[in-house]
Amino acid sequence: MKIMEIEGGKELSGTIRISGAKNATVALIPAAILTDEEATICNIPEITDTDALCDILNELNVNVKRASESIIINPKNMQNIEIKEEFSKKLRASYYFMGALLGKYKKAVMYFPGGCSIGARPIDLHLKGFEALGATVKSDKNKYIVEAKELHGANIYLDIASVGATINIMLAAVKAKGKTIIDNAAKEPEIVNVATFLNNMGAKITGAGTSTIKIEGVDYLHQCFHEVIPDRIEAGTYIIIGALCGNPLKIDNIIPEHLDSLLSKLEEMGVDLEIGQDYVLVSNQNNKKATSIKTAVYPGFPTDLQQPFAVLQTQCNGKSKATETIWENRFMHIPYLRDLGADIVVKNQTATIIGPTPLIGTSVVATDLRAGAAMVAAALIATGKTTITNVEHILRGYENIVEKLTNVGAKISIKEI
Ligand code: UD1
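Below is a short write-up of the structure. (Residues numbered from 1 in each chain as written. Predicted model: local features only at pLDDT ≥ 70, side-chain atom pairs only at ≥ 80, totals over all residues. Heavy atoms only, no water.)

Attention shifts here to the overall build of the protein. If you tally the helices and strands in the protein, you get 14 helices and 24 strands. Relative to a compact globule of 417 residues, whose C-alpha radius of gyration would be 22 Å, the protein shows 21 Å and is just as compact. Considering only C-alpha atoms, the protein reaches an extent of 60 × 45 × 40 Å along its principal axes. Looking at the protein as a whole, 56% of its 417 residues are labelled buried. Of all intrachain contacts in the protein linking residues separated by at least 6 positions in sequence, the fraction that spans at least 24 positions is 72%. Between the averaged position of the 43 positive side-chain charges in the protein and that of its 47 negative side-chain charges there is a distance of 4 Å. (Helix = DSSP H or I, 4+ residues; strand = E, 2+ residues; numbered from the N terminus. Rg over C-alpha atoms; globule rule 2.2 N^0.38 Å. Buried < 20%, exposed > 50% of the residue type's maximum accessible area, 1.4 Å probe, protein only. Contact = heavy atoms within 4.5 Å. Lys, Arg positive; Asp, Glu negative; His and termini not counted. Charge placed at Lys NZ, Arg CZ, Asp CG, Glu CD.)

This is the structure in structure tokens:
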């Protein structure tokens, strides 16, 4: 088991370079099997979610070459075999293999994916989409068999603008016969990145980034070269850390427009920001104004930043609120923030946070990936030492977190115990 130790109270200054987006990467890797040729993807983050997807590729006899921050995927000798539970359960996004295998072979057999326990996380919209394209879905306990004689275009309305369902349906539809229209599609930048990748391979997708995506099926996808967009959630986490203890901290290699909702909330709080073309410079200031947020689908305030943002809210003057509208179980970080000294009450789906409160180091748990990021942010400003367990969650999504924070002056380490 790994634990993280952080000696808090240090000012952080320097530059943190942001890695490729986890939530794009986890879809791009399965998407690469849709061609029979070589796909080269660069700016791949070195996180354990990437490793877990490469393990699945290896199982499927796909040739994978990894170099620093890039990956070459060649599915020429691929075999469409069942994806075992020990592989699928490592991350939620293993479900993108369902859409990709269905699109390529008209058949996918795999187990219900795992991932962070932040809510029920059903996949009914994915499966309904596959059915609309002509597939039948059989499930036996948590094993799913999705197959079709032929996939055909369809008009699909998503009851919820789900990121996963939008991408998975796109993956299944790119090689279907005829035209598919996804209405009420999710608009996250990662979806645009995946659509661009597929178009680079010869797919015909328009409208990605809007709520209507149109896909004209093609017979063949070819080799391509692609770059992963910067991770807006990793960037947002470090910007929040900069607002807590930066002096100043530069968050580099980002697309600031992807972070508009966070940046405007920080401005409302009174945080001093310099927003460049591909960076944000941020410092800690006293007298931050209490500021409330409500999570929403993109371009609203990202649910994935709600947890680290709560740490910043504990340092504001007065009463802030955080309302979670996407996931029903995304307040598991709150008891641990309270243990550190925060004054927070959760009622229904809203956390009310009174600040500012000093935080004092203690032992806490990273209950999920972004709760873990919140623990790191809190530990960096807490006096004394904080020990974080279940660090594996954090390593699923933050590349080289210890090195990145050490380089800007943090006292942080990971130990195997
Ligand atoms: C993705 C992100 C995750 C982020 C979330 C919302 C990845 C790998 N993960 O997760 O970090 O928190 O978007 O921005 O990209 N839902 C259904 N039925 C479905 C699918 C979803 O009811 O078939 C519900 C979910 O329970 C949730 C909401 O829709 O309440 C949004 O989920 P979705 O956008 O699908 O999230 P993910 O793609 O799993």
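The strand order across the open sheet formed by four strands is E4-E5-E3-E13, and the pairing between neighbours is mixed. Bordering the open sheet on either side are strand E4 (63-67) and strand E13 (224-227), each of which pairs with just one other strand. If you compare each strand with its neighbour and ignore which way they point, the axes differ by 15° on average. (Pairing = 2+ DSSP bridges. Axes fitted to C-alpha atoms, helices over the stretch in contact; angles between N-to-C directions.)

Next up on the list: the site of the ligand. Taken together, 18 residues form the shell around the ligand, and within it Asp124, Leu125, Ser162, Asp304 and Ile326 come nearest. Interatomic distance of 3.4 Å between a backbone N/O atom of proline 122 and an oxygen atom of the ligand. Calculation on the ligand without its partners gives an accessible area of 740 Å², and the protein chains cover 89% of this total. For the shell around the ligand, the elements supplying multiple residues, two or more each, are helix H1 (22-31), helix H5 (124-132), helix H6 (163-173) and helix H10 (303-313). Top contributing element to the shell around the ligand by residue count: H5, with three residues. (Near = heavy atom within 4 Å. Polar contact = N/O pair within 3.5 Å; in protein donor to acceptor, adjacent residues only side chain to side chain. Areas by Shrake-Rupley, 256 points an atom, 1.4 Å probe, with all protein chains shown as cover.)

Attention now moves to H1. Most of H1 sits inside the fold, with nine of its ten residues counted as buried. Those residues of H1 that sit buried are Lys22, Ala24, Thr25, Val26, Ala27, Leu28, Ile29, Pro30 and Ala31.

Moving on, we get to the sheet that holds strand E7 (residues 136-140). In space, the three strands of this open sheet follow the order E6-E8-E7, with antiparallel pairing throughout. At either margin of the open sheet sits one strand with a lone partner, and together these are strand E6 (107-111) and E7. When the angles between neighbouring strand axes are averaged without regard to direction, this sheet yields 10°. Across five bridges, the pairing between E7 and strand E8 (residues 143-147) is antiparallel. Paired with valine 137 across the bridge in E8 is valine 146. Packed on one face of the sheet, helix H4 (residues 96-105) meets E6 and E8 and runs near 155° to E6.

As a further point, take the pattern of salt bridges. Within the structure shown, the criterion is met by 15 salt bridges. The partner of lysine 415 in a salt bridge is glutamate 5, with the nearest N and O atoms 3.0 Å apart. One end of the pair, lysine 415, is in strand E24 (residues 411-416); the other, glutamate 5, is in strand E1 (residues 2-7), and 410 residues separate them in sequence. Exposure remark for lysine 415: the relative accessible area of 40% places this residue in the partly exposed category. (Salt bridge = Lys/Arg side-chain N within 4 Å of Asp/Glu carboxyl O.)

On to the pairing of strand E19 (residues 316-323). Successive residues of a regular strand alternate their side chains across the two faces of the sheet. The sheet contact formed by strand E17 (residues 288-289) and E19 spans two bridges and is parallel. Its bridge partner lying in E19, lysine 289 is registered against asparagine 317. The pairing of strand E18 (residues 293-294) with E19 spans two bridges and is classified as parallel. Each bridged residue has a counterpart across the sheet, and for isoleucine 293 the counterpart in E19 is alanine 322. Once you follow E18 into H10 and on to E19, the crossover reads as right-handed. Of the pairings in the sheet, the one linking E19 to strand E21 (residues 350-355) comprises six bridges and is antiparallel in character. Paired with lysine 321 across the two strands is threonine 352, which belongs to E21. (Right-handed = clockwise from strand over helix to strand, strands pointing away.)

Pairing between strand E14 (residues 246-252) and strand E16 (residues 279-282): four bridges, direction antiparallel. Within the sheet, the bridge partner assigned to aspartate 252 lies in E16 and is tyrosine 279. The pairing of strand E15 (residues 273-275) with E16 spans three bridges and is classified as antiparallel. For leucine 273, the partnering residue across the bridge sits in E16 and is valine 282. Hairpin connection of E15 to E16: three residues between the antiparallel strands.

For the structure on display, the rule yields two aromatic pairs. Ring geometry for tyrosine 95 against tyrosine 96: centres 4.9 Å apart, planes inclined by 85°, an arrangement best described as edge-to-face. The same class applies to tyrosine 95 as to tyrosine 96, namely buried. With a centroid separation of 5.1 Å and an interplanar angle of 65°, the aromatic rings of phenylalanine 301 and phenylalanine 309 are classed as edge-to-face. Neither residue differs from the other here; phenylalanine 301 and phenylalanine 309 are each classed as buried. (Phe/Tyr/Trp six-rings, centres within 6.5 Å; stacked < 30°, edge-to-face > 60°.)

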